[in-house]
Amino acid sequence: MSKQPNKPKGILKNKGNPPPTSTEQPTPDPREVAIKHARIIHSRREIEDQISDSLIELSRFPSTRDSPYNASNPAPADAESFKNLIRLYQPGDYDDLIEERNSNGLCGYTLCPNPRSRIAGGGTFKLVNFGRKDFNIVPTRELEKWCSQKCAKRAMYVKVQLNETAAWERAGIASIQIDLLEEGTDTATTAADAAKKLEKQAENLKIEALEKTAQNARDLALERGDSTENGKTSKRSIKLTIREKSVKIAPEAPSLDIDSQAHLVTEGYKSTFDPNSETVSQENKNTDKKETISDQ
Amino acid sequence: MADMENINSEANERNIVKAWRAWRTAHEMVQDRGYELAEEEVKISLDAFRTQYTSIDGTVSRERMKFSARPSPEMLKKYTPPATPSNPDPQPDVGTIWVEFNDDPSVGAEAMRRFAKFCSHEHYRTGMMILSGNVSSAAKKEIPKFAQWTTIEWFLEEDLLINITHHELVPRHVILSREEKTALLKRYRLKETQLPRILQRDPVAKYFGMRRGQVVKIIRSSETAGRYASYRLCV
């Protein structure tokens with residue numbers, strides 16, 4: 001017998017390293033954690049407050065309503081501050097802004113100085129473009145949001161650029177810029193702008209395609225079971241040898257001869273019938289006996 | 001021309017009656033919550049209302065329709081949290097209420113903010129706005145920002161044309177004080193969450209201005225038992 005009783009061997013897998021001792025990773029002070037999270041919440045609240053303040057400000061826009069400026073050609077200062085303030089909005093906030101402007105009696109588009117249109121007569125729906133191809137039935141409420149269809153288009157042009165992600169996640173990103181719908185005031189600049197826009201679109205498309213191929217490759221690797229390490233796909237380490245079956249005779253097409261019992265064969269085996277077998281029913285045996293008696 | 005005038009005066013008359021009924025319901029609501037109001041203030045007759053709150057041309061001037069009320073001693077007692085060693089002299093959760101009528105077609109965030117600022121500046125613990133138009137969603141978002149100083153409530157005037165608690169299908173609702181609530185939970189050995197619930201936006205809960213965590217006793221008449229009381233927790 002061994003002098004020292006062996007420790008019973010565990011059936012559980014060995015964990016490589018013992019758990020790190022508490023001295024290596026000091027537990028953070030709960031108070032500090034709480035303060036940190038409170039700060040995060042506080043900054044979020046601040047951004048929300050900022051948005052609601054700017055909403056009230058934008059609901060009174062534009063600040064200059066003089067004759068040279070209108071919705072298609074807004075005062076530069078107004079356009080600039082609108083672009084800056086609208087940057088952090090979510091589409092829902094933008095809807096609130098439109099509603100707020102309407103309750104102030106203004107057109108929903110922020111840079112438009114006109115009052116909102118009021119459609120005479122009752123009815124919740126209205127026919128637009130009657131007798132034309134783009135005929136439509138629209139709720140009156142939708143129509144009354146704007147002074148004209150053009151303003152609706154301009155406002156929607158801004159709305160589609162807004163992002164659903166939370167405002168505090170976007171606050172630090174300077175690259176988010178909102179463009180206004182360019183108006184056809186002078187053709188030269190608009191043509192140049194159009195070319196620039198096309199270029200930008202093509203670039204975006206290229207980037208998108210690249211991203212897509214990379215994603216596809218990643219997915220395929222995952223499907224194959226390739227491990228990815230540091231974003232680099234490693235080669236599989238399975239040895240593959242292809243062994244051909246040796247063929248001795250030339251292959252022959254199956255033929256159908258008259259005497260063949262191929263139709264009785266199931267999976268290469270032909271079932272046989274043995275009359276003396278125990279499994280044969282008693283009745284059949286009896287009839288066999290009778291026959292032998294009559295013969296005698 | 002005479003017909004036109006006739007129609008106009010008729011519409012105006014209807015408008016006055018509507019305002020009067022909403023005014024009465026608002027007073028009844030404030031009184032039912034436990035604020036102090038004189039009986040003649042609540043049961044104002046149509047003629048008295050007409051002389052007080054219509055302008056010279058005969059239309060209702062809703063800017064003049066505003067009032068405040070102080071909580072009665074019973075109400076103050078009901079809403080005072082029990083004294084604890086750390087807080088030996090607790091203050092009641094309720095204070096003066098301010099009620100205002102508004103005839104804007106829609107109330108925006110700016111108007112709501114102005115009203116909330118007015119209420120918190122004048123130290124009204126509750127501000128009630130009775131509107132003829134709707135409230136924009138941005139204005140609704142303004143309300144919780146002032147929750148620390150004042151509770152803002154709003155009602156549509158058309159919802160106050162009749163007092164819903166006077167309807168025969170609405171049973172009597174009694175809001176329990178803190179002591180009554182603890183006694184109830186002790187008596188039936190319940191946790192708060194085991195009570196049936198009532199939503200804070202329930203019309204009757206809105207009428208009584210219930211807060212989350214309050215318990216309301218609902219007393220129905222029963223054919224077999226005479227009276228049947230049930231309790232609901234406001235969520």
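Structural data are supplied above this passage.
Here, residues in each chain are numbered from 1, in the same order as that chain's written sequence. Chains and ligands are labelled by the order in which they are written, letters from A for the one and numbers from 1 for the other. Residue-level local features of this predicted model are given only where pLDDT is at least 70; pairs of side-chain atoms are given and counted only at 80 or more, and the full residue set underlies all totals for whole chains, interfaces and linings. Hydrogens and waters are ignored; side-chain quantities use all the structure's heavy atoms.

Numbering goes from the N terminus for both helices and strands, where a helix is a DSSP run of H or I of at least four residues and a strand is a run of E of at least two. In terms of regular secondary structure, chain A is built from eight helices and six strands. From first element to last, N terminus to C terminus, chain A shows the α and β order α-α-α-β-β-α-α-α-α-β-β-β-β-α. The buried share of chain A, reckoned over its 296 residues, is 20%. A total accessible area of about 24700 Å² is found for chain A, and carbon and sulfur atoms account for 54% of it. Residue exposure (1.4 Å probe, protein chains only): buried if accessible area is under 20% of the type maximum, exposed if over 50%, otherwise partly exposed. Under the convention used here, a 1.4 Å probe and the Shrake-Rupley method define accessible areas, while residue burial counts only the protein chains that appear.

A separate point is the sheet that holds strand E2 (residues 97–102) of chain B. Residues and elements named next belong to chain B. One open sheet accounts for four strands, arranged E1-E2-E4-E6; its pairing is mixed. Each of the sheet's edge strands pairs with one partner strand only, and the pair in question is strand E1 (66–69) and strand E6 (151–156). Mean inter-strand twist for the sheet, computed between neighbouring axes without regard to direction, equals 15°. Both E1 and E2 contribute to a ladder of four bridges, which runs antiparallel. At least two DSSP bridges between two strands are required for those strands to pair. Orientation is described by lines fitted to C-alpha atoms, with helices fitted over the stretch in contact, and by angles between N-to-C directions that extend from 0 to 180 degrees.

A word on the packing of helix H1 (residues 30–58) of chain A against helix H3 (residues 91–103) of chain A. All names here are of chain A. Close contact between H1 and H3 brings their axes to 9 Å; oriented N to C, the two are set at 35°. Once H1 is placed against H3, the crossing between them reads as right-handed. Each of Ile51, Leu55 and Leu58 in H1 lies in contact with H3, whose residues at this interface are Asp93, Asp96, Leu97, Glu100 and Arg101. Gly counts as polar in this scheme, as do all residues outside two lists: the nonpolar Ala, Val, Leu, Ile, Met, Phe, Trp, Tyr, Cys and Pro, and the charged Asp, Glu, Lys and Arg. A class-by-class count of the residues in the contact of H1 with H3 yields four nonpolar, no polar and four charged. Whether a crossing is left-handed or right-handed is set by the direction in which the near helix is turned from the far one by less than a right angle, anticlockwise for left-handed and clockwise for right-handed. By definition, residues are in contact when any of their heavy atoms lie within 4.5 Å.

Residues and elements named next belong to chain A. At their nearest, the axes of H1 and helix H2 (residues 76–86) sit 10 Å apart, and the two run at 150° to each other. With respect to their mutual orientation, H1 and H2 come out roughly antiparallel. Both H1 and H2 take part in a crossing whose hand is left-handed. Contacts between H1 and H2 involve Ser54, Glu57 and Leu58 from the first element and Phe82, Leu85 and Ile86 from the second. The residue inventory of the contact of H1 with H2, partitioned by class, reads four nonpolar, one polar and one charged. Roughly parallel means an angle under 35 degrees; roughly antiparallel, over 145; roughly perpendicular, 65 to 115; everything else is oblique.

Residue and element names in this part refer to chain B. Detection works on a 1 Å grid of protein atoms alone, calling trapped sets that fit a 1.4 Å probe cavities and calling open sets with protein on both sides within 12 Å along at least five of seven lines pockets, with lining residues defined by an atom within 4 Å of a point. Grid points are joined across faces, edges and corners, and a volume is the space filled by probe spheres set on the points. The calculated volume of the largest pocket comes to roughly 1200 Å³. Lining the largest pocket are 42 residues, with Glu153, Ala205, Gly209, Met210 and Arg211 sitting closest to its centre. If you list the elements that add at least two residues to the lining of the largest pocket, you get helix H4 (73–78), E6, strand E7 (172–175) and helix H8 (203–207). It is E6 that contributes the most residues to the lining of the largest pocket, five residues altogether.

This brings us to the packing of aromatic side chains. Geometry of aromatic contacts follows a simple scheme: Phe, Tyr and Trp rings, the Trp one being its six-membered ring, pair when their centres are within 6.5 Å, and the pair is stacked under 30 degrees between planes, edge-to-face over 60, tilted otherwise. Following the criterion strictly, the structure yields 12 aromatic pairs over all chains and no others. Between the aromatic rings of A:Phe82 and A:Tyr109, the centroid separation amounts to 6.4 Å while the plane-to-plane angle is 85°, which identifies the pairing as edge-to-face. Taken as a pair, A:Phe82 in helix H2 and A:Tyr109 in the loop between H3 and strand E1 (125–128) lie far apart in primary sequence, 27 residues in all. With respect to burial, A:Phe82 and A:Tyr109 carry one shared label: buried. The interplanar angle of 50° and the centroid separation of 6.3 Å between the aromatic rings of B:Trp23 and B:Phe49 together place this pair among those described as tilted. With B:Trp23 in helix H1 (residues 2–32) and B:Phe49 in helix H3 (residues 46–53), the pair connects residues that are 26 residues apart, well separated along the chain. Here the two residues B:Trp23 and B:Phe49 agree in accessibility, since each one is buried. Members of the aromatic cluster, connected to one another through ring pairs, are B:Trp23, B:Phe49, B:Tyr53, B:Phe67 and B:Phe101. A positively charged side chain is recorded as over a ring if its NZ (Lys) or CZ (Arg) lies within 6 Å of the ring centre. The angle to the ring normal must also be within 35 degrees. Seen from the ring of B:Tyr188, B:Arg187 lies directly overhead, with NZ or CZ sitting 5.1 Å from the centre.

All names here are of chain B. Within the fold, threonine 165 resides in the loop between E6 and E7. Residue threonine 165 is classed as buried on the basis of its relative accessible area, which comes to 18%. Looking at threonine 165, its side chain comes within polar contact range of the side chain of asparagine 163, at 2.7 Å. Any pair of nitrogen or oxygen atoms within 3.5 Å is treated as a polar contact; in protein, a donor-acceptor pairing is required on top of that, and neighbouring residues in sequence qualify only through side-chain atoms on both sides.

Residues and elements named next belong to chain A. The tally for this structure, following the rule as stated, stands at one cavity of 30 Å³ or more. Taken as a whole, the largest cavity spans an internal volume of roughly 40 Å³. Together, Pro62, Thr64, Arg65, Asp66, Tyr69, Asn70, Pro74, Ala75, Asp78, Leu111 and Pro113 line the largest cavity. Taken together, the residues that form the lining of the largest cavity break down as six nonpolar, two polar and three charged.

On to the pattern of salt bridges, then. Each reported salt bridge corresponds to a side-chain nitrogen of Lys or Arg within 4 Å of a carboxyl oxygen of Asp or Glu. Evaluation of the coordinates by the stated rule reveals 18 salt bridges over all chains. Taking the shortest distance from any N to any O, the salt bridge between B:Asp93 and B:Arg178 comes out at 2.6 Å. Here B:Asp93 is found in the loop between H4 and E2, whereas its partner B:Arg178 is found in helix H7 (residues 178–187), with 85 residues between them in sequence. Exposure remark for B:Asp93: the relative accessible area of 24% places this residue in the partly exposed category. Linking B:Lys145 and B:Glu142 is a salt bridge whose minimum nitrogen-to-oxygen distance equals 3.4 Å. Judged by relative accessible area, B:Lys145 falls into the partly exposed class, the value being 30%. A relative accessible area of 2% means that B:Glu142 is categorised as buried. Residues joined in a network through salt bridges with shared partners are A:Asp49, A:Asp53, B:Arg113, B:Glu142 and B:Lys145.

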